[in-house]
Amino acid sequence: MSLVNLNLNLNTDRAINKIAFCSAVVAGFAYVGYSVCRTAFSRRRRGRGNEDSPHRSVFLRRLSQTTQTDGLLGDFFTDGQPKIVLRPKSVQERIRDLNMQARQFANAVTAIQTNANHKVNGVSGRSLQVTPWGSPRLLSPVDVRHIPEYIEADRDQHYSPGHSPNRYRWSRTGSLKSSNKVMLDVGENTKLKECELLWNAEKDIITPKLPDLLSDSHREISLQEAQSLAAVLASNETPLILGTLTIVANLAVFSTNQDKFREAGLIAVLPKLVLHSNRQIKQKACLVVANMAMNEKNNNDMRSVTISLVSLFRAATLADPALITSALLALVNISVMSSWHKEIKNSLHKCYSLLDEGHWNSDGVSFQSLRLLINLSCNEEMVPSLLAAQAPSKLIYMVDISMPEEVLLRVLTLLANLASVTKQLNIDPLHLPAENKAAAPDTMYAAVFGLSIVERLKKKVRSLSERHANSDVCLQARRLLDALSD
């Protein structure tokens with residue numbers, strides 16, 4: 001009897017489980033159907049209600065940037081009382097939308113600013129990057145209107161929109177990073193290849209003639225001899241290159257030989273020699289460049305040579321002052337003309353820092369660096385970069401009657417050039433180029449025009465203009481004093 005009751009109970013439990021399962025399935029289908037129908041009918045009612053109602057409904061997501069929402073609405077409601085329905089977003093949705101908006105906005109601003117100055121617009125690419133330390137700073141519609149549409153059209157003018165017309169607008173050129181690899185122009189690369197091919201083809205003919213070619217370094221040479229010497233320098237034969245460079249440097253003193261070497265393609269070979277792994281080849285190549293650069297036509301072809309010299313100069317350390325001096329001598333001669341001044345911009349910090357070393361003998365790094373800075377200061381376009389670079393810490397002590405006369409004259413000339421152009425073009429520290437700019441208290445501008453230094457500088461310069469025995473020193477001191485006076 002008990003066995004029969006047990007079977008009945010099991011059958012009952014199974015039946016109840018089946019009924020419960022079926023009920024759950026039916027309820028699920030019913031709920032899905034109800035949801036679909038409710039959504040469809042609610043949309044239809046909402047659409048009809050909007051047609052009949054005089055009030056318009058605006059569905060918004062609640063955001064933290066309420067000012068942007070107000071700006072976007074603007075004068076959307078022209079009459080009647082608005083009806084606003086808020087639909088809050090989840091945190092994940094908000095983050096995803098912000099990232100998407102930032103990316104789209106970055107693309108839009110980049111397109112607008114392709115040839116514009118981001119400082120004028122007040123927008124920088126860095127502010128649009130999403131990082132763990134900051135979220136994108138989106139501009140409101142009012143801010144976007146501040147992006148000028150006329151900057152590209154006015155880019156060739158010498159003043160900046162929104163500023164006084166007599167202020168110079170300094171363009172950013174070059175790169176903040178330098179590379180030891182110099183890209184030759186097509187013409188230079190072709191000439192270099194020709195010299196290398198000539199050496200490979202006529203090596204056996206040129207080598208026996210070298211003793212005669214190198215026997216006399218104080219004569220005029222033919223074009224064929226110049227081509228043979230250039231071919232030797234284009235080779236990878238270090239001993240031959242070392243012996244040949246010394247003679248070529250002496251031959252390049254004569255203007256006729258300078259022309260012959262240019263026609264032979266020697267200028268295209270020089271960048272390779274300046275950056276050679278052998279230190280002696282570097283130093284002798286700098287001497288060749290210094291002599292060749294005194295020819296105007298040669299100087300105009302020395303862009304790649306200048307870049308190579310700047311790379312060598314920046315890489316050299318004070319442990320090898322002779323190599324620094326050789327590079328500076330070459331750059332001084334190249335900078336006599338302003339063709340390649342802009343290629344030297346990224347070495348201004350080091351030029352100023354060498355003045356603090358106090359090596360004022362004629363072949364000292366400080367003296368040669370001062371000569372280079374004076375040549376650069378004669379170019380008005382270089383003055384803003386010279387003012388933005390980090391000043392020597394001992395500058396005020398260089399303007400002193402105890403300094404060597406030739407050094408004092410050059411220091412006053414440099415400062416007078418900078419101050420005169422600054423006064424003439426009405427340059428102020430807010431408009432110095434950002435490229436390679438030092439911290440504000442350390443700039444050359446602050447070292448000359450800073451409130452804490454300018455009166456002290458005036459006093460010393462006035463004393464020099466009245467007391468120094470050298471008339472040239474007095475003249476430059478008066479120039480500087482006039483430029484510093486209001």
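Criteria and thresholds
Residues numbered from 1 in each chain as written. Predicted model: local features only at pLDDT ≥ 70, side-chain atom pairs only at ≥ 80, totals over all residues. Heavy atoms only, no water. Axes fitted to C-alpha atoms, helices over the stretch in contact; angles between N-to-C directions. Helix = DSSP H or I, 4+ residues; strand = E, 2+ residues; numbered from the N terminus. Parallel < 35°, antiparallel > 145°, perpendicular 65-115°, else oblique. Left-handed = near helix turned anticlockwise from the far one by under 90°. Contact = heavy atoms within 4.5 Å. Salt bridge = Lys/Arg side-chain N within 4 Å of Asp/Glu carboxyl O. Buried < 20%, exposed > 50% of the residue type's maximum accessible area, 1.4 Å probe, protein only. Expected span 1.5 Å × (residues − 1). Polar contact = N/O pair within 3.5 Å; in protein donor to acceptor, adjacent residues only side chain to side chain. Patch = residues over 30% accessible without salt bridge, like charges linked within 9 Å, V, L, I, M, F, W, Y side chains within 5 Å. Areas by Shrake-Rupley, 256 points an atom, 1.4 Å probe, with all protein chains shown as cover. UniProt positions renumbered as here; feature names shortened; annotations may be inferred. Phe/Tyr/Trp six-rings, centres within 6.5 Å; stacked < 30°, edge-to-face > 60°. Lys NZ or Arg CZ within 6 Å of the ring centre and 35° of its normal. 1 Å grid on protein atoms, 1.4 Å probe; cavity = no way out; pocket = protein on both sides within 12 Å on 5 of 7 lines; lining within 4 Å. Points joined across faces, edges and corners; volume = space filled by probe spheres on them. Nonpolar A, V, L, I, M, F, W, Y, C, P; charged D, E, K, R; others polar.

The chain appears in an unreviewed UniProt entry as Armadillo repeat-containing protein 10-like isoform X3 from Daphnia sinensis.

Participant: What is the right way to read the packing of helix α7 (residues 223-233) against helix α8 (residues 238-251) from this model?
Facilitator: In helix packing, the relevant descriptors are the interaxial angle and the interaxial distance, both defined with respect to the helix axes. Their axes nearest at 9 Å, the elements α7 and α8 cross at an angle of 140°. As the angle between them shows, α7 and α8 are arranged oblique. For the element pair α7 and α8, the recorded crossing hand is left-handed. Touching Leu-229, Val-232 and Leu-233 of α7 are Leu-240, Ile-241, Thr-244, Leu-245, Val-248 and Leu-251, all from α8.

Participant: Would you take a moment to explain the pattern of salt bridges for this structure?
Facilitator: Note that side chains of opposite charge can pair when their charged atoms are close. Going through the model one piece at a time under the given rule, you end up with eight salt bridges. Arg-219 is the salt-bridge partner of Glu-225, the closest N and O atoms lying 3.3 Å from each other. Assessed through its relative accessible area of 23%, Glu-225 is described here as partly exposed.

Participant: Sorry, what's going on with helix α22 (residues 471-484) here?
Facilitator: For the α-helix, the turn length of 3.6 residues means that residues three or four positions removed from each other point alike. An ideal rise of 1.5 Å per residue puts 20 Å on 14 residues; α22 measures up with 20 Å between its terminal C-alpha atoms. Within the span of α22, buried status applies to Val-473, Cys-474, Gln-476, Ala-477, Leu-480, Leu-481, Ala-483 and Leu-484. Where α22 begins, one side-chain oxygen reaches toward the backbone nitrogen of Asp-472, 2.7 Å away; that side chain belongs to Asn-470.

Participant: Explain the packing of helix α21 (residues 454-467) against α22 to me, please; I cannot follow it from the model alone.
Facilitator: The N-to-C vectors of α21 and α22 enclose an angle of 150°; their axes lie 8 Å apart at closest approach. Judged by the angle between their axes, α21 and α22 are roughly antiparallel. Crossing handedness for the pair α21 and α22: left-handed. Seen from α21, the contacting residues are Val-454, Leu-457, Lys-458, Val-461, Arg-462, Leu-464 and Ser-465; seen from α22, they are Cys-474, Ala-477, Arg-478, Leu-480, Leu-481 and Leu-484.

Participant: What is the right way to read the environment of Thr-246 from this model?
Facilitator: Summarising the element assignment, Thr-246 is placed in helix α8. A relative accessible area of 33% means that Thr-246 is categorised as partly exposed. The sequence separation of Thr-246 and Ser-217 amounts to 29 residues, and the corresponding C-alpha distance is 8.8 Å. A distance of 3.0 Å separates polar atoms of two side chains, one belonging to Thr-246 and the other to Lys-284.

Participant: Explain a nonpolar patch on the surface here, please?
Facilitator: Nonpolar side chains collect at one region of the surface, where Tyr-31, Val-32, Tyr-34 and Val-36 lie side by side and expose about 460 Å² of accessible area between them. Checked against the element boundaries, Val-32 lands in helix α1 (residues 2-52).

Participant: How should I be thinking about the side chain of Ser-217 in this particular structure?
Facilitator: Relative to the helices and strands, Ser-217 resides in the loop between α6 (186-213) and α7. In this structure Ser-217 comes out as buried when scored by relative accessible area, which is 11%. Beyond its immediate stretch of four places on either side in the chain, Ser-217 contacts Ile-247, Asn-250, Leu-251 and Phe-254.

Participant: Even after reading the chapter, I still don't get the UniProt feature "transmembrane region" (unreviewed entry) in the chain, so can you show me in this structure?
Facilitator: Mapped onto this numbering, the UniProt entry annotates "transmembrane region" (unreviewed entry) at residues 15-37. Here residues 15-37 runs as 100% helix and 0% strand, with 33 Å between its end C-alpha atoms.

Participant: Help me understand the packing of aromatic side chains in this model?
Facilitator: Centre-to-centre distance and the angle between the planes together describe a pair of aromatic rings. Applying the stated criterion across every chain, the model contains one aromatic pair. Judged by centre distance (4.9 Å) and plane angle (40°), the rings of Tyr-445 and Phe-449 are tilted. Of the two residues, Tyr-445 and Phe-449 both sit in helix α20 (residues 444-449), four residues apart, roughly one turn of that helix. Exposure remark for Tyr-445: the relative accessible area of 13% places this residue in the buried category. Across from the ring centre of Phe-313, 5.1 Å away, lies the NZ or CZ of Lys-350, which sits over that ring.

Participant: I'm lost on empty space enclosed by the protein in this one. Help?
Facilitator: Any empty space left between the atoms is revealed when a probe the size of a water molecule rolls over them. Inspection of every chain in the model, using the stated rule, returns two cavities of 30 Å³ or more. One number sums up the size of the largest cavity: a volume of about 50 Å³. Around the largest cavity, the lining residues are Lys-345, Leu-348, Ser-385, Ala-389, Glu-435 and Asn-436. Of the residues contributing to the lining of the largest cavity, the split by class is two nonpolar, two polar and two charged.

Participant: I'm lost on unusual backbone geometry in this one. Help?
Facilitator: Where the residue is not glycine, phi is negative for most of them; where a peptide bond is considered, it is trans in most cases. The phi torsion at Asn-426 lies on the positive side, around 55°, for a residue other than glycine. The exposure class assigned to Asn-426 is partly exposed, which follows from its relative accessible area of 32%. Located in the positive-phi region is Asn-436, a residue other than glycine, with phi close to 60°. Looking at the secondary structure, you find Asn-436 in the loop between α19 (405-425) and α20.

Participant: What should I look at first to understand the environment of Asn-375 in this one?
Facilitator: Examined against the element boundaries, Asn-375 turns out to sit in helix α16 (residues 365-377). Taking the C-alpha atoms as reference points, Asn-375 and Ile-334, separated by 41 residues in sequence, lie 9.5 Å from one another. In contact with Asn-375, not counting residues within four places along its chain, are Val-332, Ser-335, Val-336 and His-341. For Asn-375, the side chain forms a polar contact with the main-chain oxygen of Val-332, separated by 3.1 Å.

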